[in-house]
Amino acid sequence: MKCDICGKAQQYGHNVSHSKRRTNHRWVANIQTARVACGDKSVRLSLCTRCMRTQQKLNASV
């Protein structure tokens, strides 16, 4: 999945052990489905938790 706001998605790379042996590793972004108020109606989006936190902060300050 991919964040609808910032575009954050999973990344691929290697775990590297002390002996420099490389094994495949996948870092998965924490993507949640959430309802976001857009004008007078709410829209369901796939958001990363960082964007959800930012949205909460913006809504609390207004």
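Check the entry above for the structure.
What comes next concerns the included structure. Just so it is clear, the model here is predicted, and its values are computed rather than measured. (Residues numbered from 1 in each chain as written. Predicted model: local features only at pLDDT ≥ 70, side-chain atom pairs only at ≥ 80, totals over all residues. Heavy atoms only, no water.)

**A look at the overall build of the chain**
Each helix and strand in the chain was counted, giving 1 helix and 4 strands. Over its C-alpha atoms the chain spans a radius of gyration of 17 Å, topping by over 25% the 11 Å that the globule rule assigns to 62 residues. Principal axes of the C-alpha set define a box for the chain whose edges measure 55 × 20 × 15 Å. Here the chain, with 62 residues, has 15% of them falling under the buried criterion. Considering only intrachain contacts with a sequence separation of at least 6, the fraction spanning at least 24 residues in the chain is 25%. (Helix = DSSP H or I, 4+ residues; strand = E, 2+ residues; numbered from the N terminus. Rg over C-alpha atoms; globule rule 2.2 N^0.38 Å. Buried < 20%, exposed > 50% of the residue type's maximum accessible area, 1.4 Å probe, protein only. Contact = heavy atoms within 4.5 Å.)

**With respect to the nonpolar core**
With 8 residues, the main nonpolar core is built from Cys 3, Ala 29, Ile 31, Ala 34, Val 36, Leu 47, Cys 48 and Cys 51. For this core, the secondary structure elements donating two or more residues are strand S3 (31–38) and strand S4 (41–48). It is S3 that provides the largest number of residues to this core, a total of 3 residues. Those residues in contact with Val 36, other than ones at most four positions away along the chain, are Lys 41, Ser 42, Val 43, Leu 45, Leu 47 and Gln 55. (Core = buried A, V, L, I, M, F, W, Y, C linked by side-chain atoms within 4.5 Å.)

**Structural notes on a positive patch on the surface**
A contiguous patch of positive charge on the surface is contributed by Lys 8, Arg 50, Arg 53 and Lys 57. Take Arg 50: it is sitting in helix H1 (residues 49–61). (Patch = residues over 30% accessible without salt bridge, like charges linked within 9 Å, V, L, I, M, F, W, Y side chains within 5 Å. Areas by Shrake-Rupley, 256 points an atom, 1.4 Å probe, with all protein chains shown as cover. Salt bridge = Lys/Arg side-chain N within 4 Å of Asp/Glu carboxyl O. Lys, Arg positive; Asp, Glu negative; His and termini not counted. Charge placed at Lys NZ, Arg CZ, Asp CG, Glu CD.)

**Quick notes on the environment of Lys 41**
Tracing the sequence through the fold places Lys 41 in strand S4. Look at Lys 41 and you get exposed, because its relative accessible area is 59%. Separated by 18 residues in the primary sequence, Lys 41 and Thr 23 place their C-alpha atoms 46 Å from one another.

**Comments concerning the pairing of strand S2 (residues 22–27)**
In this sheet, S2 lies alongside strand S1 (residues 11–16) in antiparallel orientation, the contact comprising 6 bridges. By the bridge assignment, Gln 11 is partnered in S2 with Trp 27. (Pairing = 2+ DSSP bridges.)

Any link to function would need more than the numbers given here.
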